[in-house]
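# What the coordinates show
What follows is each chain in one-letter form.
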Amino acid sequence: MARKNTLKSNPNNTYTNDIKSVKKAKSKSKNQASKFILFFKNDRVHQAFGVFLLAFAVFLFISFISYLFYWQTDDTLIDNSAQSILFDATIQVENWMGKFGSLFAYLFIKKGFGIMSFSFLSLFFLVGLNLTFDYKPFSFLKSSMYATFFIIWGSTLLGFLFLNSIYTILGGAFGVQMSVWLNSIIGQIGTVILLLSTFLIFGIIEFNLSFKGMLKAKRAKLETPTTETDSEEEPTEESLYDEKEEEEEEEEDGMLQFEVRKIEKKTEQKPQEVTFEDKSNRSQELTTETKTPPRESQIDDDFEIIIPQNEEIVKADAIDGITHYTIDTEYDPRLELSSYQFPTIDLMIEYPNEQGDANEKKEELHANKDKIIETLKNYSIQIDKISATVGPTVTLYEIVPAPGVRISKIKNLEDDIALSLAALGIRIIAPIPGKGTIGIEVPNSKPEIVPMRSILSSEKFVNSKFDLPIGLGKTISNETFVYDLAKMPHLLMAGATGQGKSVGLNAIIASLLYKKHPAELKFVMVDPKKVELTLFSKIERHYLAKLPDSEEAIITDTKKVVRTVNSLCIEMDNRYDLLKDAQCRNIKEYNYKFINRKLNPENGHRFLPYIVLIVDEFADLIMTAGKEVEMPIARLAQLARAIGIHLVIATQRPSVNIITGTIKANFPARIAFRVTSKIDSRTILDSSGAEQLIGRGDMLLSTGNDLIRLQCAFVDTPEIDNITEFIGSQRAFSSALLLPEVPDDETESTAEFDPDDRDSMFIEAARILVQTQQGSTSLLQRKLRLGYNRAGRIIDQMEALGIVGPFEGSKAREVKIKTEIELNEFLKDNNLV
């Protein structure tokens, strides 16, 4: 026993050090393995290897072609000096690709499969096209199968045909050896029969070759009269259907199968309609160029054709001799980046668990319990029951006081209990909401790290159905805490320097990157510090949004921040206009209608991704820009929730002049890390408690009703680097999402109108603005399908002419002409029509 106690008490013993070194080696090897796997998943590695395969295929093609002309000369040199041919400068080959080309052609053609080796080039070329350009002209599996068959069969055939001639290279060594072996076991006639039957079997299986169909077609052709009048007549419906039925019975796998069944007439609106003339005695033809005559001799006017292969439903209604076809398919917003892969859990670091010994924990719990009971007894406070819930950094002791004990009496003993426990950050919750107990939160002597990996791999996060799930960390009961940012709907984070705000922001961003596709989510990142969010610039074309004239997606300049926030206000107004036209109340209803093709993109409708504005240091913005930033952010906080724009704002100065009443009123969800005073805690949470936190990610979350104590998940810089590198290496959009432009007041155009420089769509644009009474550049972009620069020039020309008013920040310009009649007179007076 003494020896065991010595081992436990001595932290420098060899056994403990060996265990720690093994754990470190394991975590290091896992990180190296994940980086090795990440290297081969990198899209740039794929493209480089694809270019190499394409170049290698061209190299082999030229080598093989020249070998067919100079094989006799080069073979003699290779046979006589195979080992020194590469290093002997006196040896010269005739092959157009030099010695390497001659050797490759010699190995592939003479020693391999003869001229059938050209099939290898097609495989190299297909793989190269796929890796380099993501282009698949043919199925690689089928192409490999065809190439393998023709290499073996063709080489054997050519080896058999040229067995006793000088042109044995046409079949290669493989073809010659195969033909010699077949001749020895089944003879020459048997070899011919085997080769012919093998080819026919392959044709039947792969190309649906039908001898019955050919015989019936030949018989029908012989029986058909050859008179001129008969030849001009077309086959009747019944003969076409009968013939089609016979062919479908014989060709089960090669043809596209249809199922026809009667349906009732429907009056539903058809989103996409294609019309074809329905001429008598002619078969219908779909846009897929597949003929689909019905199988039944008599079919009603309405029927439904199901194509299982494409999983689409094609409906046809025959009305007034016209057949209307409707193809019902849902819009897939992820289609443009269909090959996108979400980050894997291997990119996150698995930190070693430093919980300490279980017996030590029990001793600590019992000791604290006894000290709490003793301290309460010293002040004549009796308790009926005490229980403990152990968390990663804090243990919650729940007390049931004896009847007649005042709660305020226990609450006033906060400092005395902290003194007796010799602990920092004692917090008393009296009472615990929803329970008839009083809670005393005591920090653990050995706090645990909560790795982000454990949050992202938890069942609660993986199976989350939230719109914008964020994994913040673990509660004091050691449960994973996942919340929906869309329901918050905005989040304010505050705390002293170095208490975990930036780590908390990284945890929020990482959670969203692991759950949302680039087509469904965009970030607008503001980083006045210029160092906290720079790692996310790698995913600019995947997840970020920016102004059209901005070079960097991570915004660091205060002037650009003001323009960006005003741009988000314009985007908010544009989205509300779209929701109004679609008669929807929020972004979920709108996107549901758009995905089900109930909204026409030609009317300006589009799929709306969520936009999350991340501000890392709000205090610096307020000090430099003041009301210019505060008012648009307050406007976004008031209105932007319904259209999918959410704000996450962090600051290290939770003073009243930074977190004003306007800001607080619109941020019901707030996170407080450790602060220095009760005043700061009340500024953030409207209650005290944040000054008693222990720091290093210990935080309080207020969602409007009660406070929840959490240990924030830890995300280190290498983990963020791994995630952004993984995402950034994949195929992306052509650019970041471009927000509506907000021009500077200083650069606002004041040029006079030049009739010679008038845009060709000027009059049409003027009519649109007069009809809508909105002087908006983005409106012209949507309605006329123009780029931003051209639409902006048209607006400038209208301002110079007096049709619209000057720029008014986030608001649309005033349209000074109210009716189209006034516009027509105005254009005539200015000789514009």
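All residue numbers refer to positions counted from 1 along the written sequence of the respective chain. Since the coordinates come from a predicted model, pLDDT governs what is reported: local features require at least 70, and pairs of side-chain atoms require 80 or more to be given and counted, while whole-chain, interface and lining totals use all residues. The side-chain figures draw on all heavy atoms in the structure; neither hydrogens nor water molecules are used.

### Focus: the overall build of the protein chain
Helices and strands together make up the secondary structure of the protein chain, namely 28 helices and 20 strands. Each residue is placed in one exposure class: buried if its accessible area under a 1.4 Å probe, protein chains only, is under 20% of its type's maximum, exposed if it is over 50%, and partly exposed if it falls in between. For the protein chain, the proportion of its 833 residues judged to be buried stands at 43%. Total accessible area on the protein chain stands at roughly 45500 Å², and carbon and sulfur atoms take up 53% of it. Per the convention used, a helix needs a DSSP run of H or I reaching at least four residues, while a strand needs a run of E reaching at least two, with both numbered from the N terminus. Working definition of accessibility: Shrake-Rupley area with a 1.4 Å probe, residue cover restricted to the visible protein chains.

### Considerations on the sheet that holds strand β19 (residues 707–712)
Across the sheet, 9 strands lie side by side as β11-β10-β19-β18-β17-β12-β16-β15-β13; this open sheet has mixed pairing. Strands at the two margins of the open sheet, each flanked by one partner only, are β11 (480–484) and β13 (521–526). Strand-to-strand twist in this sheet, taken as the mean axis angle between neighbours without regard to direction, amounts to 30 degrees. As defined by bridge partners, strand β10 (residues 469–475) adjoins β11 across 5 bridges and the pair is classed as antiparallel. Bridging from a neighbouring strand, Lys474 pairs with Thr480 of β11. Here, any two strands with at least 2 DSSP bridges between them count as paired. To get an axis, fit a line to the C-alpha atoms, keeping to the stretch in contact for a helix; angles then go from 0 to 180 degrees between the N-to-C directions.

### Some words on the environment of Tyr67
Of note, Tyr67 is situated in helix α3 (residues 43–80). Given the relative accessible area of 0%, Tyr67 is considered buried. Counting along the chain gives 29 residues from Tyr67 to Trp96, while the straight-line C-alpha distance between them is 8.3 Å. Here, residues are in contact when the closest pair of their heavy atoms is within 4.5 Å. When near neighbours in sequence (up to four residues on either side) are disregarded, Tyr67 contacts Asp75, Asn95, Ala105, Tyr106, Ile109, Lys110 and Ile169.

### Quick notes on the sheet that holds strand β6 (residues 383–390)
Ordered by their spatial adjacency, 4 strands build an open sheet running β6-β7-β9-β8, and the pairing between neighbours is antiparallel. What marks the edges here is a single partner per strand, and that holds for β6 and β8 (427–429). In this sheet, neighbouring strand axes are inclined to one another by 20 degrees on average, regardless of whether the strands run parallel or antiparallel. Across 6 bridges, the pairing between strand β7 (residues 394–401) and strand β9 (residues 438–443) is antiparallel. Bridge pairing in β9 links Val394 to Pro443.

### Observations regarding the pairing of β9
Along a regular strand, successive side chains alternate from one face of the sheet to the other. When you tally the buried positions in β9, you get 6 out of 6 residues, the bulk of the element. Here β9 shows no split at all, with Ile438, Ile440 and Val442 on one side and Gly439, Glu441 and Pro443 on the other all buried. Where β8 lies against β9, 3 bridges are found, and the strand directions are antiparallel. Looking at β9, one finds that Ile429 is bridged to Gly439.

### Let's talk about the nonpolar core
Ranked by internal contacts, the top residues of the largest apolar core, which has 109 residues, are Leu472, Phe523 and Phe618. Looking at this core element by element, the count peaks at 9 residues for helix α18 (residues 558–582). Not counting the four nearest positions on each side in its chain, Phe618 is found in contact with Val629, Ile633, Ile649, Ala650, Thr651, Ile658 and Ile663. Within this scheme, the nonpolar core is defined by two criteria: the residues are buried Ala, Val, Leu, Ile, Met, Phe, Trp, Tyr or Cys, and they are joined through side-chain atoms within 4.5 Å. Ala766, Leu769, Met798 and Leu827 belong to the second-largest nonpolar core, a separate cluster that totals 23 residues.

### Section: the packing of aromatic side chains
The pairing test for Phe, Tyr and Trp rings, Trp by its six-membered ring, is centres within 6.5 Å, and the orientation test on the planes gives stacked under 30 degrees, edge-to-face over 60, and tilted for anything in between. Enumeration according to the criterion identifies 26 aromatic pairs in this entry. A ring pair is formed by Phe52 and Phe56, whose centres lie 6.0 Å apart and whose planes are at 5 degrees; its orientation type is stacked. Of this pair, Phe52 and Phe56 both sit in helix α3, 4 residues apart, roughly one helical turn. Between Phe149 and Phe202, the ring centres sit 3.9 Å apart and the planes meet at 5 degrees, which makes this aromatic pair stacked. Of this pair, Phe149 sits in helix α6 (residues 140–161) while Phe202 sits in helix α7 (residues 172–207), placing them 53 residues apart in sequence. For Phe149, a relative accessible area of 15% gives the class buried. The structure contains a cluster of three or more aromatic residues connected by ring pairs, namely Phe61, Phe64, Phe108, Phe113, Phe118, Phe120 and Phe174. Working rule: Lys NZ or Arg CZ, within 6 Å of ring centre, within 35 degrees of ring normal, means a charge sits over the ring. Positioned over the ring face of Phe461 is Lys515, at 5.6 Å from the centre of the ring.

### Some details on the packing of α3 against helix α4 (residues 98–113)
It is the contact of α3 with α4, at a shortest axis distance of 6 Å, that shows an interaxial angle of 85 degrees. Here α3 lies roughly perpendicular to α4, going by the angle between them. Of α4, the residues touching α3 (which contributes Phe56, Phe59, Leu60, Ser63, Phe64, Tyr67, Asp74, Asp75, Ile78 and Asp79) are Phe100, Gly101, Ser102, Leu103, Phe104, Ala105, Tyr106, Phe108, Ile109 and Lys110. Orientation is classified from the angle alone, with under 35 degrees giving roughly parallel, over 145 giving roughly antiparallel, 65 to 115 giving roughly perpendicular, and any other angle giving oblique.

### Structural notes on the pairing of β13
Counted residue by residue, β13 has 6 buried out of 6 residues, so it is predominantly covered. Alternating positions in β13 separate into two faces, Leu521, Phe523 and Met525 on one and Lys522, Val524 and Val526 on the other, with burial throughout. Summarising the sheet, β13 and strand β15 (residues 610–615) pair through 6 bridges and their orientation is parallel. Within β15, the residue paired with Met525 across the bridge is Ile614.

### Overview of the packing of helix α20 (residues 618–625) against helix α21 (residues 627–639)
At a minimum axis distance of 7 Å, the contact between α20 and α21 shows a crossing angle of 125 degrees. In terms of orientation, α20 and α21 fall into the oblique class. Of the residues in α21, those in contact with Phe618, Leu621, Ile622 and Ala625 of α20 are Lys627, Glu628, Val629, Glu630 and Ile633. The residue classification treats Ala, Val, Leu, Ile, Met, Phe, Trp, Tyr, Cys and Pro as nonpolar and Asp, Glu, Lys and Arg as charged. All others, Gly included, are polar. In the contact of α20 with α21, the residues fall into 6 nonpolar, no polar and 3 charged.

### A short note on the pattern of salt bridges
Salt bridges, as used here, are contacts in which a Lys or Arg side-chain nitrogen is within 4 Å of a carboxyl oxygen on Asp or Glu. Throughout the structure, instances matching the rule amount to 24 salt bridges. When the shortest N-O distance is used, the salt bridge between Arg334 and Glu520 registers 2.9 Å. A residue pair is termed long-range when its members are at least 10 positions apart, and Arg334 in the loop between β5 (322–328) and α11 (358–378) and Glu520 in the loop between α16 (501–515) and β13 qualify at 186 residues. Since its relative accessible area comes to 31%, Arg334 is described here as partly exposed. A relative accessible area of 15% means that Glu520 is categorised as buried.

Read these as geometric descriptors, not functional statements.
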